[in-house]
Amino acid sequence: MTKFSVREKVDAVKDMVKTDTTTARVKNFVVQGMPKLPSATGHYLLDKLPIIQWLPHYHPSWLLNDFIAGLTIGVMLIPQGLAYAKIATIPIENGLYSSWIPAAVCVFMGTSKDLSTGPTSILGLLTAEIIKDLSHEYNVADIANAVAFMVGVYSLAMGVLGLGFLLDYVSVPVLTGFISATALIIGFGQVGNLVGLDKVPDGVFNQIGNILKRLPDWDGPTCGIGFGTIVILLGLEKVGKKWGKKHFIIKYISSSRAVIVLVIFTLISFLVNRNRKNDLLWAISKVKTKGVIPPKAHDTGLISKVATRAIAPLVACTLEHLAVGKAFGRRNGYDIEQSQELNYLGVTNLVNSFFGAMPVGGAMSRTAVNSECHVRSPLNGIVTAAFILLTLYVLSPALYWLPKATLSAIIIMAVLHLFGPVSHFYRYWRISLADFIASMICFWVTIFVSAEIGIGCAAGWSVVWTMLRSAFVKPDIRASTMDEGTPLPDSITKIDTNSRSRTEHAGISIPGDTVVIHFNDSIFYPNAHHGKRAALEAIKLVYQKVCDVHSAHDRERSWSVASEKRVERLRKQRNIILKETPLSVVVWDFTMVSFIDVTAILALWEMQEDIRSYSGKGVQFRMFGMSKSVRERFLRANWKLTDLDGWRDEGADVMYDSLERAVLDREGSVLEAVVSEKNG
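Reading the values: the criteria
- Residues numbered from 1 in each chain as written.
- Predicted model: local features only at pLDDT ≥ 70, side-chain atom pairs only at ≥ 80, totals over all residues.
- Heavy atoms only, no water.
- Helix = DSSP H or I, 4+ residues; strand = E, 2+ residues; numbered from the N terminus.
- Buried < 20%, exposed > 50% of the residue type's maximum accessible area, 1.4 Å probe, protein only.
- Phe/Tyr/Trp six-rings, centres within 6.5 Å; stacked < 30°, edge-to-face > 60°.
- Pairing = 2+ DSSP bridges.
- Right-handed = clockwise from strand over helix to strand, strands pointing away.
- Contact = heavy atoms within 4.5 Å.
- Salt bridge = Lys/Arg side-chain N within 4 Å of Asp/Glu carboxyl O.
- Expected span 1.5 Å × (residues − 1).
- Disulfide = S-S within 2.5 Å.

This paragraph deals with unusual backbone geometry. With a phi close to 55 degrees, lysine 199 is a non-glycine residue in the positive phi region. Locating lysine 199 in the fold gives a position in the loop between α11 (191–195) and α12 (204–213). Judged by relative accessible area, lysine 199 falls into the exposed class, the value being 80%. Of note in this structure, histidine 374 is not a glycine but carries a positive phi near 60 degrees. Mapped onto the elements, histidine 374 comes out in the loop between α19 (364–372) and α20 (380–395).

Right, let's get into the packing of aromatic side chains. On inspection of all chains with the given rule, the structure shows 22 aromatic pairs. Arranged with centres 5.8 Å apart and planes meeting at 70 degrees, the rings of phenylalanine 270 and tryptophan 401 form a pair that is edge-to-face. Linking phenylalanine 270 in helix α15 (residues 257–273) with tryptophan 401 in the loop between α20 and α21 (404–416), this pair joins segments that are 131 residues apart in sequence. Ring geometry for phenylalanine 634 versus tryptophan 639: centroids 5.0 Å apart, planes at 75 degrees, classification edge-to-face.

Counting buried positions along strand β6 (residues 585–589) gives five out of five residues, so the element sits mostly inside the fold. Residues Val585, Val587 and Asp589 line one face of β6 and the alternating positions Val586 and Trp588 line the opposite face, and both faces are buried. Two elements, strand β5 (residues 514–518) and β6, share five bridges in a ladder whose sense is parallel. Across the sheet, threonine 514 pairs through a bridge with valine 585, a residue of β6. Sheet topology note: the β6/strand β7 (residues 620–624) ladder contains five bridges and is parallel. The residue bridging aspartate 589 from the neighbouring strand is phenylalanine 624, located in β7. Regarding topology, helix α27 (residues 598–615) serves as the crossover connection from β6 to the parallel β7, and that connection is right-handed.

This part covers the pairing of β5. In summary, the side chains of a regular strand alternate between the two faces of the sheet. In terms of burial, β5 is a largely internal element, five of the five residues being buried. Because side chains alternate across β5, one face comprises the buried residues Thr514, Val516 and His518, and the other comprises Val515 and Ile517, equally buried.

Looking at the secondary structure, you find histidine 529 in helix α25 (residues 528–542). Each C-alpha atom, one on histidine 529 and one on alanine 603, is 5.9 Å from the other, the two residues being 74 residues apart in sequence. Those residues in contact with histidine 529 that sit more than four places away from it in its chain are Thr599, Ala603 and Glu606.

A separate point is the side chain of glutamine 338. Within the secondary structure layout, glutamine 338 lies in helix α18 (residues 338–353). Relative accessible area serves as the criterion here: at 15%, glutamine 338 is assigned to the buried category. Contacts of glutamine 338, omitting those with residues within four sequence positions, involve Gly164, Phe165, Leu322, Lys326 and Arg533.

Turning our attention to the pattern of salt bridges. One pass over the full model with this rule turns up 13 salt bridges. In this structure, aspartate 114 engages lysine 113 in a salt bridge whose closest nitrogen and oxygen atoms are separated by 3.2 Å. As far as the burial class goes, aspartate 114 and lysine 113 line up, both buried. With a closest N to O distance of 2.5 Å, aspartate 610 and arginine 330 form a salt bridge. Note that aspartate 610 is positioned in helix α27 and arginine 330 in helix α17 (residues 311–331), a separation of 280 residues in sequence. Of the residues examined, arginine 330 reaches a relative accessible area of 28% and is grouped as partly exposed. Because the salt bridges share partners, they merge into one network encompassing Asp133, Arg309 and Glu452.

Here we come to α21. For α21, spanning 13 residues, the distance from its first C-alpha to its last is 18 Å, which sits close to the expected 18 Å at 1.5 Å a residue. Along α21, the residues classified as buried are Ala405, Thr406, Leu407, Ser408, Ala409, Ile410, Ile411, Ile412, Met413 and Val415. Buried residues in α21 make contact with α5 (63–87), α8 (121–134), α10 (172–189), α11, α13 (220–243) and α15.

With that settled, the discussion passes to the state of the cysteines. What the rule picks out here adds up to zero disulfides. Counting only cysteine sulfurs, cysteine 442 is the nearest neighbor of cysteine 457, a cysteine outside any disulfide, at a range of 8.8 Å. Classification of cysteine 457 by relative accessible area gives partly exposed; the value is 37%.

This is the structure we're talking about:
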């Protein structure tokens, strides 16, 4: 038996450690990463407080717009906060307690100037479902506070750990079905109070049957208040749509219609019922507030019981918040930071939960109004928070006489616009049967069972379908024979969706004004937006932005500079020199794409719009290697495509039969058009 000395064993261990790949990677990470730790820590902390980046660039002329927008949102939050707390089945004054902290925190942590965070109808419904199961053990307000706390914990964890990509597994059709179903549930749940009926059963169809069966029992004065509120709300909305763009006062009145009916019918209720004591003509809300309530610690037993139940509100909250933020960011020419928005939601809900709040998130209606007021920065949140605090301390006693029917009417009109039009579902049917089924599963399970199970079943269906589809992908095999063959281009340098450059078939280089985006796999909802972001970042690192003459003026520029600073930092770290030639041609290589869904088509459309917004409207998009099934999806989505040798419709993207031709074709004056746009 061979004997090894201790020295030989030590040498063997040293040699094993030196040649171990994992150990070498860890060592390199530590050695290279330690010098960068102080600067990286500084950048990390700066990213968590975006106000440090944008406040020094704040223009004084923006103050008036921010003040008007902040005051408008504050006015809107009064009736909406009360209404959504009513949906959550908690004391309605808790809706006001939930509204001031989100606006204040947004000033320091928000990356969207338009996004209005506060109580929402969907979060109200999901909170109500949890309260229904636990109300026999705990106070309803304490349950809502605990749900808000856990939503904050989960959201903050997702933001800090960069787990926001998990939300991509809930597709656009699933979200449409979920929001439409919750709109119906919320709306029909308020009809009983609208017409003065008690003990209306749960369930949309049970409610419809019960309310119609009890038609003779409808209370006349309550119906007058409720339907009168709806008529005024509809009238003011129509007036705003017709004349709001011409007159600011009319637009402001229309956007504040909820608070107008609140004031009118609260005053009527006070005049009619003040001397009737217990014999009130209709039910009133009896709002009682005494300013901000003292912070209160949570019950650990309650926290443990809502920990798993809070996942559904978390998903709804984060998805709606990010979707609204992205939409209005694109509309107004800036980018939101997804991880930072999750951090903001986490901190907001955590702090809010100690002050009697329900879960909060971004709201579409308030965000739209904020944008229409031409808000210029997140500074408007200070005005919003101040107005809510003023209401809590001074104005709230007047809300005691608010009729419940008016509150129900405000809720019904608010959720009416959440229901997705039938055309959306028909579009899913045309583009992708699997997406249509997912939206229908979410819609009907939410209607008949619960919102939590509805979104869970739909997301589960989507994951199972994706796994099945990935397991049975049929490759497109191309073979050449002795008689004829398909020659490959001699050379291609590609910027792929992983932001790495690579060269294949060396021999021909890409022109300086051209980018080839090679999709390495099928494009669908989990990877669509990530791929879009990676491609856009790769282009921004290499090409200069085409300046808009209108936005070049100091007071007209965008308030947000975080995205630009990030690109500059990456460009400096990677020693990238900007090309002098502007981008004029983008080639999409679909050779590896065998499947595409609704979310992917929307993401590609957004990528096209964003590239043209950055590099000029004259940038051409060319397609290559698109399979028949993928092309059919594009055509069913009404995407204009034309063959190179076919009739070209205006605005259509051209399909090429070879990648070499797509890259090198220079018919027309594409580059000249882009250069002229760049030079103004």
